[in-house]
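An overview of the molecular structure
Here are the chains, one letter per residue:
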Amino acid sequence: MQTATLTRQDKGLALYQAGAVRRASDDGLYIVKSATNAHQEYTVRIGIDARCQCKDAQMRGVVCKHQWAVIEFERAERAEFEQRAGR
Ligand SMILES: [Zn+2]
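**Some words on the pairing of strand β3 (residues 41-45)**
The alternating pattern of β3 places Tyr42 and Val44 on a buried face and Glu41, Thr43 and Arg45 on a face that is not buried. As paired strands, strand β2 (residues 29-33) and β3 are joined by 5 bridges and run antiparallel to one another. In the strand pairing of β3, Ile31 is matched with Thr43. With 2 bridges connecting them, β3 and strand β4 (residues 51-52) associate as antiparallel partners. Bridged to Val44 within β4 is Cys52. Hairpin geometry of β3 and β4 is characterised by an intervening segment of 5 residues between the two adjacent antiparallel strands and by a positive phi of about 100° at Gly47.

In structure tokens form, the structure reads like this:
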């Protein structure tokens, strides 16, 4: 598989699976570690007020891989919750 064909969503999933996402607050704020620089972290918010500090989000206005990582994080959390609730 060529890495060049990976979408932002694929990269976001990989970030999430690598444990790069952590919750920063209870109101939808997250910290996501950079995939390329271990010293770099991005503050990410998803939802209506979605944003990220990276160039991809700031310059291109897209849902960047960091936001996708948070989306995957929340998806997994929700799945776990529903499993526990017996649904
Ligand atoms: Zn980003």
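Next, the rest of the story.
**Quick look at helix α1 (residues 8-17)**
What α1 keeps buried is the set Gly12, Leu13, Leu15 and Tyr16. Angular distribution of buried residues about the axis of α1 spans 160°; they occupy a single face of the element. Where α1 is buried, its residues contact β1 (21-23), β2 and α3 (65-84). Positive backbone phi, approximately 80°, marks Gly19, located one or two places after α1.

**Re the environment of Ala38**
Summarising the element assignment, Ala38 is placed in the loop between β2 and β3. For Ala38, a count of 9 C-beta atoms within 10 Å corresponds to the exposed category. Taking C-alpha positions, Ala38 is 21 Å from Leu6, a pair spaced 32 residues apart along the chain.

**Points about the sheet that holds β2**
What the 4 strands build is an open sheet, ordered β1-β2-β3-β4; its pairing is antiparallel. Both outer strands of the open sheet, β1 and β4, are each paired with one neighbouring strand and no more.

Rules used throughout
Residues numbered from 1 in each chain as written. Predicted model: local features only at pLDDT ≥ 70, side-chain atom pairs only at ≥ 80, totals over all residues. Buried ≥ 20, exposed ≤ 12 C-beta atoms within 10 Å, placed from the backbone. Helix = DSSP H or I, 4+ residues; strand = E, 2+ residues; numbered from the N terminus. Pairing = 2+ DSSP bridges. Arc of directions from axis to C-beta. Contact = placed C-beta atoms within 7 Å.

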